[in-house]
Number of protein chains: 2
Amino acid sequence: MSIIEEARRGIITDEIKSISKLEKVSPEKVRKRIAEGKIMLLRNVKRPSKKLVPIGKGLTTKININIGTSSEVIDLDMELEKVKISNKWGDTLMDLSTGGDIDEIRRKIIDKSDLPVGTVPVYQAFIQSFKKKSGGAYFSEDELLSIVERQLKDGVAFMTIHAGLTRELAIRALKSDRVIPIVSRGGDMIAGWMIHNGKENPYRTNWKYLLELFKEYDATISLGDALRPGATADAHDEFQIGELIETARLVKDAINNGVQVMVEGPGHVPLNEVAWDVKLMKKLTGGVPYYVLGPLVIDVGAPYDHIASSIGAAIASAAGADLLCYLTPAEHLSLPNAKQVEEGAIAYRIAAHAGDIVKLGKKVRKWDDEVSYYRGKLEWDKMIEKLIDPEQAYKVYTQFGEPNVKACTMCGGYCPMMWAMEQVKKIG
Amino acid sequence: MSIIEEARRGIITDEIKSISKLEKVSPEKVRKRIAEGKIMLLRNVKRPSKKLVPIGKGLTTKININIGTSSEVIDLDMELEKVKISNKWGDTLMDLSTGGDIDEIRRKIIDKSDLPVGTVPVYQAFIQSFKKKSGGAYFSEDELLSIVERQLKDGVAFMTIHAGLTRELAIRALKSDRVIPIVSRGGDMIAGWMIHNGKENPYRTNWKYLLELFKEYDATISLGDALRPGATADAHDEFQIGELIETARLVKDAINNGVQVMVEGPGHVPLNEVAWDVKLMKKLTGGVPYYVLGPLVIDVGAPYDHIASSIGAAIASAAGADLLCYLTPAEHLSLPNAKQVEEGAIAYRIAAHAGDIVKLGKKVRKWDDEVSYYRGKLEWDKMIEKLIDPEQAYKVYTQFGEPNVKACTMCGGYCPMMWAMEQVKKIG
């Protein structure tokens, strides 16, 4: 019985109790929302993740970290270092490896990860095909499905399944005057496969079988956005929205079949279109969790796209996005190194918290109030130890030497804040 | 005759023509908006800045960079290094020095700056007082005004004048249950002075004289926000808005007297209150330029407050803020070093551009469209040279060695984007 089915029978499981405690939402609300598909718990019956990661309505915003090799840069140690960083900063982890022994790398990453691990199974099918015959379309539907199953067996908790992309939409997008027709890697792979083989999307033709597979492992389908905008100029055109409509139909089918599902969104979106993008998705899909890449609100920000996209991510979170897929400073330029993974993760923790202050109010703002309280009292040690990154904060605090005044090196000996308070105390 | 008065007489000056060309707004629109106080040109008749910096309605969002010594860290070379960085990345520069020979430092900074330079004159009065008598309130109104005049003579183009703060508001704020009663340094100085001396705000009692002074130099009054929120919990309370109402009254008086004026705003503000903060200010003041610090949308982000505040800054810019005052990674912890000044400046260039895409549309998005065009074509050199920071971008692009494929190290040899386009070309 899947988690959705259990919830529908009204059972308050231990998992639901744990979610309730973690997120400070009543068990009954959690149960009801799981039953409706509005809250999901990323997991795989083969391998419960060490960290409990519930995602969805009324819960804190979570962040996803992408790692993985490329054909050019295959360095397992570096990837495992990124896993460590993800364990510290992240909520979910995706292994997007396309270089080296993909099965082996995935298993090692899953082994070291405390977080639910996700993948994009078409990558493996495409790479295998390329290695065999120098072309990406030489894999059968059965081969693709068996890769999905193998990855589920390994304990993958969620997978990007580009089932919203129809052959007709793909061809029209590729022939369109979009600045970047299909920026999604998996989207291009499925599109190219359909065109080359003259067939419909294998995820669509095998949809019922996919539902059975995911139900068996109680894993989550993350419906991919093959036609997401890769340039702000392409945002919210007929292709992006056309695919979203197809995706929304599949969402309802998955939920009806007791399979957990979320929807992937954005990419490059101007700032003023971010909030209503979230509202539109929630309306069309009936409110299942939204998993948003960025959004990036400009196209020119590399190598600072972790900053440029944390702007969009914070707005998306405040508007109701549930899981934010981070970008690193290497986005658009290179595979990230471990330090860049950490920089991206921190920017997204900030974005998620900014959104949560709006979404969840005082329950999460307590943290800020505490920091500001100690800040106002100039209690530096207590203030610093409660910051998002106390270790780095302390380094900056002491960068010109340990301050020898109660104030900071900004105002030095003359803290006007302390002084003004002294003045007002005198007048009682 | 001040720039506002010239504009009111209908004169299209060479300056107006230059602004028109720079910002692609018709000369007549520029003239009309200057006459109404909706566009201003930061300058000082004693010292025209090398860079033309018009600010306001229909123009690109500008960014301000704060530098300056503290009593603890006095390193003129470092400050002049920050001036160089500001010349590269910034639009306006504020010298907030409180340590060392303040006059001397200011003159050197102005000498090396290509940008209009601003100051907060009460700092100097306060520090002088402290040095003389270990207390911040031992300066006369005349001493304060003579500091203002001296700084104007040195060529300062704009000054923070905390004239919106009444004695009554200051006392109530200091006695309130705000998490941080008065976080503004200048605000605390004026508040403490008023309480200690039992007098009204010297900027208020000498307002007419101040207008004459600023008119003489055709410099700009930046009305300070002494009661800005220093914690998200304090945002938009009666103190912040009470001061804004006082400030808005002074705005109208300044404009009527032909003196350029802008209004300073925010600090710590939750994400969902940023956009309407800008709308409220514009409504109350009749639409003069808004100069916004951050806003910071969380309190816990140090040492990454350049990121946390670029979120608020981008939203503010999109909503109509005209000049964004940057924060560095050292905010709340230390005086920034030169590298941190650069990191802050870049985050704010990103925020300003994100806002401008919304405010000004295709006129500024052309830049993004071009980058995305080359990105889609995988023309790496052309793409990289058009990014916000080509030098750093190139370093990241080659961080695992010069890529030896047309694609990037992310996908390596298998570029799905190129491959899918090849497939669709085959079917014509």
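Residues numbered from 1 in each chain as written. Chains lettered and ligands numbered in written order. Predicted model: local features only at pLDDT ≥ 70, side-chain atom pairs only at ≥ 80, totals over all residues. Heavy atoms only, no water.

S.K.: Got a sec to walk through the pattern of salt bridges? Specific residues and values, please.
M.R.: Residue and element names in this part refer to chain A. Tallying each qualifying case throughout the model produces 62 salt bridges over all chains. With its nearest N and O atoms 2.7 Å apart, the salt bridge here joins Arg 150 to Asp 103. On the criterion of sequence distance, the pair formed by Arg 150 in helix 7 (residues 141-153) and Asp 103 in helix 5 (residues 102-112) is long-range, its members being 47 residues apart. Residue Asp 154 pairs with Arg 106 through a salt bridge whose shortest N-O separation is 2.9 Å. Separated by 48 residues along the polypeptide, Asp 154 in the loop between helix 7 and strand 6 (158-161) and Arg 106 in helix 5 bring together distant segments of the chain. The class for Arg 106 is buried, based on a relative accessible area of 1%. (Salt bridge = Lys/Arg side-chain N within 4 Å of Asp/Glu carboxyl O. Helix = DSSP H or I, 4+ residues; strand = E, 2+ residues; numbered from the N terminus. Buried < 20%, exposed > 50% of the residue type's maximum accessible area, 1.4 Å probe, protein only.)

S.K.: Describe the packing of aromatic side chains, and please don't skip the residues or the numbers.
M.R.: Applying the stated rule across the entire model yields 14 aromatic pairs over all chains. With a centroid separation of 4.9 Å and an interplanar angle of 20 degrees, the aromatic rings of Trp380(A) and Tyr397(A) are classed as stacked. Highlighted residues: Trp380(A) in helix 17 (residues 380-385) and Tyr397(A) in helix 18 (residues 390-397), separated in sequence by 17 residues. Look at Trp380(A) and you get buried, because its relative accessible area is 11%. Cluster of aromatic residues (ring-pair linked, three or more members): Phe126(A), Phe130(A) and Trp419(B). Above the face of the Tyr138(B) ring, Lys133(B) is positioned so that its terminal group lies 4.3 Å from the ring centre. (Phe/Tyr/Trp six-rings, centres within 6.5 Å; stacked < 30°, edge-to-face > 60°. Lys NZ or Arg CZ within 6 Å of the ring centre and 35° of its normal.)

S.K.: Explain the relation of the copies chain B and chain A to me, using residue names and the numbers behind them.
M.R.: Each copy superposes on the other: chain B lies on chain A with an RMSD of 0.0 Å after a rotation of 180 degrees and an axial shift of 0.0 Å. Put plainly, the chains are arranged around a two-fold axis. No C-alpha of chain B approaches the rotation axis more nearly than that of Ile311(B), which lies at 2.3 Å. Most of the interface of chain B is mirrored in chain A: 100% of its interface residues are interface residues there too. (Least-squares fit on C-alpha atoms with pLDDT ≥ 70 in both. Contact = heavy atoms within 4.5 Å.)

S.K.: Requested: an account of the domain arrangement of chain A, with residues and values cited.
M.R.: All names here are of chain A. Here the domain parsing of chain A yields domain 1 (46-53 + 61-360) and domain 2 (364-426). Once you take the C-alpha centre of each, domain 1 and domain 2 turn out to be 40 Å apart. On the side of domain 2, six residues touch domain 1, which itself brings eight residues to the contact. Buried area between domain 1 and domain 2, both sides added, is near 630 Å², and the carbon and sulfur share of it is 74%. The interface formed by domain 1 and domain 2 holds zero salt bridges in total. Where domain 1 touches domain 2, the interface holds one residue pair in polar contact (both at pLDDT 80 or more). A class-by-class count of the residues in the side of domain 1 that touches domain 2 yields five nonpolar, one polar and two charged. (Domains from an automatic or database assignment. Buried area = accessible area lost by both parts, 1.4 Å probe. Polar contact = N/O pair within 3.5 Å; in protein donor to acceptor, adjacent residues only side chain to side chain. Nonpolar A, V, L, I, M, F, W, Y, C, P; charged D, E, K, R; others polar.)

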